[in-house]
Amino acid sequence: MSRGTNQRSRQIVAEGSNALTEYLVALEKIYPAARGATRVFTRQDKRVIVSVPLPARAPERMRLFDYMAEVATRLLIETGQYIILSSR
């Protein structure tokens, strides 16, 4: 593998990590109960699953999913990292 390819691979990994960090910060900002209760899984297809216990009330759940879908869409466009919010 050439040096340029190695550098590009590291850049992609770093961008994915930065995207996940940004996603988690946004999640904890809108839903503080996620702090300390979040689990992150990476699937073989490189999609990232962020699993949290969801709010009990439906309007709060919908607000959370709507907001995080906007964050995830922006990050997907900017970085190519696909992040999915899931419930436990």
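So, a few notes on the structure that sits alongside this text.

Cut-offs and rules
Residues numbered from 1 in each chain as written. Predicted model: local features only at pLDDT ≥ 70, side-chain atom pairs only at ≥ 80, totals over all residues. Heavy atoms only, no water. Helix = DSSP H or I, 4+ residues; strand = E, 2+ residues; numbered from the N terminus. Contact = heavy atoms within 4.5 Å. Salt bridge = Lys/Arg side-chain N within 4 Å of Asp/Glu carboxyl O. Buried < 20%, exposed > 50% of the residue type's maximum accessible area, 1.4 Å probe, protein only. Core = buried A, V, L, I, M, F, W, Y, C linked by side-chain atoms within 4.5 Å. Pairing = 2+ DSSP bridges. Axes fitted to C-alpha atoms, helices over the stretch in contact; angles between N-to-C directions. Expected span 1.5 Å × (residues − 1). Arc of directions from axis to C-beta.

A word on the environment of Leu-24
Moving on, step 1. By secondary structure assignment, the location of Leu-24 is in helix H1 (residues 3–30).
Moving on, step 2. Taking C-alpha positions, Leu-24 is 10.0 Å from Val-71, a pair spaced 47 residues apart along the chain.
Moving on, step 3. If we ignore the near neighbours within four places in the chain, the residues touching Leu-24 are Thr-38, Val-40 and Val-50.

Some thoughts on the pattern of salt bridges
Moving on, step 1. Applying the stated rule across the entire model yields six salt bridges.
Moving on, step 2. Residue Glu-78 pairs with Arg-74 through a salt bridge whose shortest N-O separation is 3.2 Å. A residue pair is termed a helical-turn pair when its members lie 3 or 4 positions apart in one helix, as Glu-78 and Arg-74 do in helix H2 (residues 58–79) at four residues.
Moving on, step 3. Classification of Arg-74 by relative accessible area gives partly exposed; the value is 33%.
Moving on, step 4. Shared partners join several salt bridges into a network, and the residues in it are Glu-22, Arg-74 and Glu-78.

A look at the nonpolar core
Moving on, step 1. In terms of nonpolar packing, the biggest core is built from 18 residues, with Tyr-23, Leu-27, Val-50, Leu-64, Met-68, Ile-83 and Leu-85 touching the most fellow members.
Moving on, step 2. Elements supplying a minimum of two residues to this core: H1, strand S2 (48–52), H2 and strand S3 (83–87).
Moving on, step 3. Considering each element in turn, this core owes the most residues, six residues, to H1.
Moving on, step 4. Apart from the residues within four sequence positions on either side, Leu-85 is in contact with Tyr-23, Leu-27, Val-50, Val-52, Leu-64, Phe-65 and Met-68.

Re the sheet that holds strand S1 (residues 39–42)
Moving on, step 1. Taking strand neighbours across the sheet as the criterion, the three strands line up as S1-S2-S3 in an open arrangement whose pairing is mixed. In this open sheet, the two edge strands, each paired with only one partner strand, are S1 and S3. For this sheet, the mean inter-axis angle between neighbouring strands, taken without regard to orientation, is 25°.
Moving on, step 2. Note: S2 against S3, five bridges, orientation parallel. Paired with Ile-49 across the strands is Ile-84, a residue of S3.

Side note on H2
It helps to recall that an α-helix has 3.6 residues per turn; residues three or four apart then point in one direction.
Moving on, step 1. With 22 residues, H2 extends 31 Å between its outermost C-alpha atoms, agreeing within 8% with the 32 Å of an ideal straight helix rising 1.5 Å per residue.
Moving on, step 2. Here H2 has its buried residues at Leu-64, Met-68, Val-71, Ala-72 and Leu-75. When H2 is viewed along its axis, its buried side chains cluster within an angular range of 100° and face the same direction. More than 90 degrees from the buried face of H2, the exposed residues found are Pro-59, Arg-63, Glu-70 and Ile-77.

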